[in-house]
Amino acid sequence: MTEAARPRRAVIAIGAGLLVASAVAAPALAGDHKDILITTTLARTCGVTAPGDQTIDPSSLAVQPVGSVSYRCNFVGGATLRLWSQNGGQIISPASPSNGGAPQSRIYSTVFDGAALGQLTNAADTSAQTVRAIAAANTDQSGAASIQLSSAAVIAGAYLDTIFVDITP
Amino acid sequence: MTRPRSMRNALALGALLALAAGATASAADSWQISGALARACQISFDCADGDQCRSLTLDDRVTVQNTATVTWQCNYAIEAATMDFSSENQGLLVNPDDDLGLPYLATYTGGQNSGFAGRSLVTHVITNPTPDTPNVDVSGSIQLMLQARTQPLFAGRYSDRITVTITPEAP
């Protein structure tokens, strides 16, 4: 114990003595209260669900629906939805002997929720992912997606791409 | 340094609030779009004399005579297709006034395993072409060599219809 601490202990001891004396002298009627403020924050979150796998006709130049993306955010305000694809907006039939030994690809453009997004970019190019601003409403929301090929496939094979969707508060 | 308990609690609560206030979450998902373009083959013919192919010289029984040029292609390569050559009159040129008909042997000069030589079309002739390259034409001539017969021919028109069909084989 330091020298500086000694006088404080003496004062506390005297105060305690006074409290005991007053408690003996009168009934203990006085009340007291303290407010305890408890706060916490629920973070903004969004969830998104892609449609199941979709079948398209690689020989058709018509607009082809490819399902509906469902999303929900727990706030009202702006959120950012990003779309990109594994093949950068192309359906591809991998190289095989039966297709001449070269991969066959066809570019497609995408429409999401009524907005023309053009050709999606590749997943590796995150800076160029197609961005779509959405108005989150703290309720279930969805947007329909469709694609349109720029030219029809003419060589037999299985053509595919994987579309990714991401939503950020 | 050891802090009083109350101060430690306050620091812990502050850290919790900061974590809650600063945290945002995102979510991602994906789906596949896919479609198959089926195998297909095409065939066409070109007759020098319009829709009725080149006339034959009936008294020439030793020369191979060209009739039509038949062109085919498939939208795939390497794997086979089936070509079927058949005759409406089972390999005979027929004159309505002649009960016997005039037999012939047929040849198709197409490449990539589509051809055959000197076969009667009394029954179907089947070949199995294997296209080298998708969507590239392969052409050949249908040639006939008229066969000898002991009976004289009748005046009139001798004709037959040859049908060629190409079908892709399943992968």
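Given the structure is predicted, the values throughout are model-derived calculations rather than measurements. (Residues numbered from 1 in each chain as written. Chains lettered and ligands numbered in written order. Predicted model: local features only at pLDDT ≥ 70, side-chain atom pairs only at ≥ 80, totals over all residues. Heavy atoms only, no water.)

Draft legend 1. Geometry of the overall build of chain B. Helix and strand counts for chain B stand at one helix and 10 strands. Walking chain B from its N terminus toward its C terminus, one meets helices and strands in the order α-β-β-β-β-β-β-β-β-β-β. Among the 171 residues that make up chain B, the fraction classed as buried is 35%. Within chain B, contacts between residues separated by at least 24 positions form 79% of all contacts whose residues are at least 6 apart in sequence. Here chain B displays about 9,700 Å² of accessible surface, and carbon together with sulfur accounts for 53% of that area. (Helix = DSSP H or I, 4+ residues; strand = E, 2+ residues; numbered from the N terminus. Buried < 20%, exposed > 50% of the residue type's maximum accessible area, 1.4 Å probe, protein only. Contact = heavy atoms within 4.5 Å. Areas by Shrake-Rupley, 256 points an atom, 1.4 Å probe, with all protein chains shown as cover.)

Draft legend 2. Layout of the overall build of chain A. Secondary structure assignment for chain A yields one helix and 10 strands. Mapped in sequence order, the helices and strands of chain A form the string α-β-β-β-β-β-β-β-β-β-β. In chain A, which comprises 169 residues, the share counted as buried stands at 33%. With the model as given, the accessible surface of chain A reaches about 9,700 Å², and the carbon-plus-sulfur share is 59%.

Draft legend 3. Spotlight on the side chain of A:Asn87. Residue and element names in this part refer to chain A. Along the chain, Asn87 falls in the loop between strand E4 (76-85) and strand E5 (90-93). We classify Asn87 as buried; its relative accessible area is 18%. Not counting residues within four places of it along the chain, the set of residues in contact with Asn87 comprises Ile92, Asn122, Leu160 and Asp161.

Draft legend 4. View of the nonpolar core. Grouped together as the largest cluster of nonpolar side chains are 33 residues, with contacts concentrated most on A:Leu83, A:Ile167, B:Trp31 and B:Ile33. B:Tyr104, B:Ile142, B:Leu144 and B:Tyr158 belong to the second largest nonpolar core, which has 24 residues in total. (Core = buried A, V, L, I, M, F, W, Y, C linked by side-chain atoms within 4.5 Å.)

Draft legend 5. Representation of the sheet that holds strand E10 (residues 162-168) of chain B within the structure. All names here are of chain B. Spatially, three strands are ordered E8-E4-E10 in an open sheet, and the strand pairing comes out antiparallel. In this open sheet, the two edge strands, each paired with only one partner strand, are strand E8 (125-127) and E10. The mean angle between the axes of side-by-side strands here comes to 15°, regardless of whether they run parallel or antiparallel. Pairing of strand E4 (residues 81-87) with E8 involves three bridges; the strand directions are antiparallel. Within the sheet, the bridge partner assigned to Met83 lies in E8 and is Thr127. (Pairing = 2+ DSSP bridges. Axes fitted to C-alpha atoms, helices over the stretch in contact; angles between N-to-C directions.)

Draft legend 6. Expanded view of unusual backbone geometry. All names here are of chain B. Its identity is not glycine, yet Ile78 carries a phi of approximately 70°, on the positive side. Note on placement: Ile78 falls in the loop between strand E3 (65-74) and E4. The phi dihedral of Asn113 falls on the positive side, at around 70°, and the residue is not glycine. Considering the arrangement of structural elements, one finds Asn113 in the loop between strand E6 (98-108) and strand E7 (116-119).

Draft legend 7. The arrangement of the pattern of salt bridges in detail. All names here are of chain B. Summed over the entire model, instances satisfying the criterion amount to five salt bridges over all chains. Residue Glu88 is joined to Arg161 by a salt bridge in which the shortest nitrogen-to-oxygen separation is 3.7 Å. Pair noted here: Glu88 is in the loop between E4 and strand E5 (92-95) and Arg161 is in the loop between strand E9 (138-146) and E10, with a separation of 73 residues, a long-range link. Accessibility expressed as a relative area gives 49% for Glu88, which makes it partly exposed. (Salt bridge = Lys/Arg side-chain N within 4 Å of Asp/Glu carboxyl O.)

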